[in-house]
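Observations on the model geometry
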Amino acid sequence: MKITLKCKKHICIGILAHVDAGKTTLSEGLLYTAGTLRKMGRVDNGDAFLDTFDLEKERGITIFSKQALFSWGDTQVTLLDTPGHVDFSAEMERTLQVLDYAILVVSGADGVQGHTQTLWRLLEKYHIPVFLFINKMDQQGTDRKKLLEEIKGRLNENCTDFTEMGKDSFYEGVALCDERVLEEYLETGEVGKESLCDMIQGRKLFPCFFGAALRMEGVEEFFDALAEYTITPEYGEEFGAKVFKIARDEQGTRLTYVKVTGGSIGARMELADEAAGWQEKVNQIRIYSGSKYETVQEAGAGMICALTGLTETYPGEGLGKEAMSEKPVLEPVLTYRIEFPEDCDAAVVLPKLRVLEEEEPELHIVWNEKLQEIQAQVMGEVQIEILKSLIFERFGIEIEFGTGNIVYKETIKNAVEGIGHFEPLRHYAEVHLWMEPGEPGSGIQVGADCSEDILDKNWQRLILTHLLEKEHRGVLTGAAITDMKITLVTGRAHLKHTEGGDFRQATYRAVRQGLMQAESVLLEPYYEFRLEVPDSVVGRAMTDIERMYGTFEIQQGADGSAVLTGSAPVITMRDYQREVTVYTKGLGRIYCSLAGYRPCHNAEEVIRETGYEPERDTENPADSVFCAHGGGFNVSWEHVREYMHVDSGIVMKERTAGEKKAEEEENEAGQASSVQEEEWIDIEEIDEILERTSHANRKRGEVSHKGITGRKVRALTPKVTGLSKPGKKVEKREKYLLVDGYNIIFAWKELSELAKDNIESARGRLMDILCNYQGFRKCHLILVFDAYRVQNHRTEKLDYHNIHVVYTKEAETADQYIEKFAHENHKKYDVTVATSDGMEQIIIRGQGCRLLSASDLERELQRAEEQMKEIMEQKKGE
């Protein structure tokens, strides 16, 4: 198949519809009309041109978005076919980011459905011009006039029947859609083509066409209108591209689908995302049409292409001049525990699911450390069945999904200032955030209102990046936060000691500290529904909706039926379709679409059952770290304001006059005592401070006391609660033991023999041994395994009982990970590395860390075990 890339006009069109509206059939009709296909395929026959995957052919539904390239006259069209089922709406939504125009297919037999309205809202959100094709008009009982009235009433009153073009009533209706066009019509008596094109592109006019795609009725006329009334968008010379999809071909090659929005992209061109911190070279540019593709050396503005060679891209990413796309509106609302076969290691499966996650936007994979299980957040039951088939097909693993739960979210009701400070030795960052409630459905909005004289612009950008790079957890149930506006108001960096990671810590802690102060609200997903039932059971339907904590409006339908429209929580409506079928004896129908998140109807019950304790969540601390006596100390979130180094002034503005006066009196009364006081520090404390700073790499006992031996040293220290008292030793550095997993396994005879039969068993045995050791020695123990040969693997950090287990990312060995950790942390912590790798030992010694060979570690474990036995014997004797 030859792909022509040169035409006078090029447009990118997406085709959308609710399920079973005939969307794929219309796509086949357009391709057949354009001459791309010799014969039209059919969904029910499994030979549709764009349903290329076996699962799609088996199920008879579109699951993945695909593209086709064809020409009609002097117009080149890139057609993107999207899934129609609500469970795959996220796949459809990410495609909207790159469309010039959209075709919305409405079934003439079913009319406007709930999902049709959801699609319409999304098209409005992304400002995409729309052509409507009302399909299946050959079916008995369809009424063009009534359908057009319904479309005008439920979608937009400017939806206009273009098959009436040429009649005075058509031009009169079009002229009423825009004042400028009305003046043109009054002067000339008609509306020109240019005006029609401008109105369509500006979403002031929505052309409607009627036909039957299966019988090719009205398809060619519709195609002519697409070519006639569309305009190629204007693109600049500066390079820009939007990433909207990640996929893999049959050989496993990673494909990054982009739309070029400015300039051009060439093979071997280097692309970068400074915010994400990557720079890679494009190997190949592919232009797909169905399952086939053609490689090109360059793709110009407006083209949709697939790039190979990029490993760090993600859907929604902006390249060049393009900013990151908005967060999707449609997100998973159900969460399920994934159940694996007994011989399947979750640590091995997790990176494989991560690969699938980046390809499937409606799938979110979550590792629950507390429960030590993998959970999947999905859109619905149909998607679950597809995922089970996909995982078996791709990875050969048969999985099951446990009982489903709702994905809750959290927001706040009042505005607060969140403060985060991170200052262990030789690190420094402080961040102040103003956090206020946002509009429902707005997600997390970030901005800065901070002078560059106070905080450099680069640091401000970094803080905003940290705000968006992760899902911040709420304090009610640990659910993700949403619908919130977060503004950076002030902060502070240190010229010498501040590093990028310091602001990450300070930013996370500031968000968390703000949430702990705020009045939080638990949110749950809601459905918008349209319920059609016979008049005889309308009372039952109304009672059910009230029981499900829903709200509704009722109107009379056709042929003795009633129509109830409204909204209700997803959790109460999940299985209601079956009930409707039963009590209406198959005569009732219900259509549901996601309406976003609203306050939870049973928040107290959910919070109580979750049992989440925010102050025990060590992964999301609200406390801050300050520095004194050469070491960091923790300050709980409620006292951070007393220690902060910068005052934003926001809270001061909101204090009452009485509070200000009381504070002034307190300051005056304590003025004398606030002066720095003399405190005496003994020699042992000085030893500790010196050893933890400039002499950290020396052996104990080598610190020189020349000039201070035998006398006390006076130090000036502020009198602040929580600092070390005179004569008290400064807390020693935390101990970390890093173990090179495979090096130890193959060095120990017992584990080496076990590894010959089953490497997973050897890994598990080593993990159990180290768990016992950590429980006795109470150090931080990190066990590191190589995963550098696992394709597309990202660094995974798991908690196994009381130790941390790390699987390195692709192309990174355990040696490299340990060396990096030692380099970054040897000054903060007392680091010991267990390995018999000679080169690694040299590097680790150069960092000033302690070393244990494999045999040393084995002997140390034996000693620890003997000591544990002695202690147990002593306890028995008592």
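Positions within a chain are numbered from 1, following the residues in the order the chain's sequence is written. With the structure being a predicted model, the display of local features is reserved for residues of pLDDT at least 70 and the display and counting of side-chain atom pairs for 80 or more, all residues being used for whole-chain, interface and lining totals. Side-chain figures throughout are based on the complete set of non-hydrogen atoms in the structure, without hydrogens or water.

Helix and strand counts for the protein stand at 28 helices and 42 strands. Summary of the burial criterion: residues with accessible area below 20% of their type's maximum are buried, those above 50% are exposed, and those between are partly exposed, where the area comes from a 1.4 Å probe applied to protein chains only. For the protein, buried positions account for 50% of its 878 residues. Between two residues, a contact is recorded if the distance between any of their heavy atoms is within 4.5 Å. Taking as baseline every contact in the protein between residues at least 6 positions apart, the subset at least 24 positions apart corresponds to 71%. Here the protein displays about 43,100 Å² of accessible surface, and carbon together with sulfur accounts for 46% of that area. Runs of H or I in DSSP of at least four residues are treated as helices and runs of E of at least two as strands, each being numbered from the N terminus. Per-residue and other accessible areas were derived by the Shrake-Rupley procedure at a 1.4 Å probe size, with only the shown protein chains allowed to occlude residues.

Sheet strands line up and pair through hydrogen bonds in the backbone, either parallel or antiparallel. Here seven strands make up an open sheet; going across it, the order is 2-3-1-4-5-7-6 and the pairing mixed. Each of the sheet's edge strands pairs with one partner strand only, and the pair in question is strand 2 (66-72) and strand 6 (159-161). When strand polarity is set aside, the average angle formed by the axes of neighbouring strands in this sheet is 25°. Throughout, an axis means a line fitted to C-alpha atoms (over the contacting stretch in the case of helices), and angles, computed between N-to-C directions, take values from 0 to 180 degrees. Its contacts with the sheet put helix 1 (residues 23-34) on strand 1 (9-17), strand 2, strand 3 (75-81), strand 4 (101-107) and strand 5 (130-135), and the angle it makes with strand 2 is roughly 35°. Any two strands are treated as partners once DSSP identifies two or more bridges connecting them.

Here the expected span of a helix is defined as 1.5 Å times the quantity of residues minus one. Under the 1.5 Å per step criterion, the end-to-end length of helix 10 (residues 346-359) is 20 Å for 14 residues, consistent within 8% with the ideal 20 Å. Within helix 10, burial applies to Ala347, Val349, Leu350, Pro351, Leu353, Val355, Leu356, Glu358 and Glu359.

With that settled, consider unusual backbone geometry. For His127, which is not glycine, the phi torsion reads 55° and is therefore positive. The phi angle at Lys136 is positive, at roughly 60°, despite the residue not being glycine. Within the fold, Lys136 resides in the loop between strand 5 and helix 5 (144-154). The class for Lys136 is partly exposed, based on a relative accessible area of 22%.

A few words now on the nonpolar core. Here, nonpolar core means buried Ala, Val, Leu, Ile, Met, Phe, Trp, Tyr and Cys residues that are tied together by side-chain atoms lying within 4.5 Å of each other. Counting 81 residues, the largest nonpolar core has Leu531, Leu564, Val739, Trp748, Leu766 and Phe785 as the members making the most contacts within it. Residues within four places of Leu766 in sequence aside, it is in contact with Gly741, Ile744, Ile745, Trp748, Leu751, Leu783 and Phe785. In terms of nonpolar packing, the next biggest core, distinct from the first, is built from 42 residues, Ala21, Val105, Cys197 and Met199 among them.

This part covers the pairing of strand 38 (residues 780-785). Most of strand 38 sits out of view: five of its six residues are buried. Bridging between strand 37 (residues 735-740) and strand 38 involves five bridges; their strand directions are parallel. Each bridged residue has a counterpart across the sheet, and for Asp740 the counterpart in strand 38 is Val784. Here four bridges tie strand 38 to strand 40 (residues 803-807), and the two strands are oriented parallel to one another. Paired with Leu783 across the bridge in strand 40 is Val805.

Turning our eyes to something else, we now look at the confidence of the model for the protein. Any residue range with low pLDDT should be treated as having predicted coordinates unsuitable for detailed reading. Values of pLDDT, ranging from 0 to 100, describe the predictor's confidence in every residue of the model. The predicted model of the protein averages 81 in pLDDT, with 84% of residues at 70 or higher. Segment residues 1-5: pLDDT under 50, and 16 contacts once partners within four positions in sequence are set aside and those in other chains are kept.

Where helix 6 (residues 168-175) contacts helix 7 (residues 179-188), the axes come no closer than 8 Å and their chain directions differ by 145°. Within the contact between the two elements, helix 6 uses Asp168, Tyr171, Glu172 and Ala175 and helix 7 uses Val181, Leu182 and Tyr185. For the contact of helix 6 with helix 7, the per-class residue count stands at five nonpolar, no polar and two charged. Amino acid classes used here: Ala, Val, Leu, Ile, Met, Phe, Trp, Tyr, Cys and Pro are nonpolar; Asp, Glu, Lys and Arg are charged; the rest, including Gly, are polar.

Quick look at the pairing of strand 1 now. Burial within strand 1 is extensive, with nine of its nine residues counted as buried. By the alternation rule, side chains of strand 1 split into Lys9, Ile11, Ile13, Ile15 and Ala17 and His10, Cys12, Gly14 and Leu16, which are all buried. Of the pairings in the sheet, the one linking strand 1 to strand 3 comprises seven bridges and is parallel in character. Residue pairing in the sheet places Gly14 in a bridge with Leu80 of strand 3. Relative to strand 4, strand 1 runs parallel, the two sharing five bridges. In the strand pairing of strand 4, Ile15 is matched with Ile103.

On to the sheet that holds strand 41 (residues 830-834). Taking strand neighbours across the sheet as the criterion, the six strands line up as 39-40-38-37-41-42 in an open arrangement whose pairing is mixed. Both outer strands of the open sheet, strand 39 (796-800) and strand 42 (850-852), are each paired with one neighbouring strand and no more. The mean angle between the axes of side-by-side strands here comes to 25°, regardless of whether they run parallel or antiparallel. As paired strands, strand 37 and strand 41 are joined by five bridges and run parallel to one another. Residue pairing across strands places Leu738 opposite Val833, the latter belonging to strand 41.

On to the environment of Leu214, then. With respect to the helices and strands, the residue Leu214 is situated in the loop between strand 7 (206-210) and helix 9 (219-228). Once the C-alpha coordinates of Leu214 and Leu26 are considered, the two residues, 188 residues apart in sequence, prove to be 7.4 Å apart.

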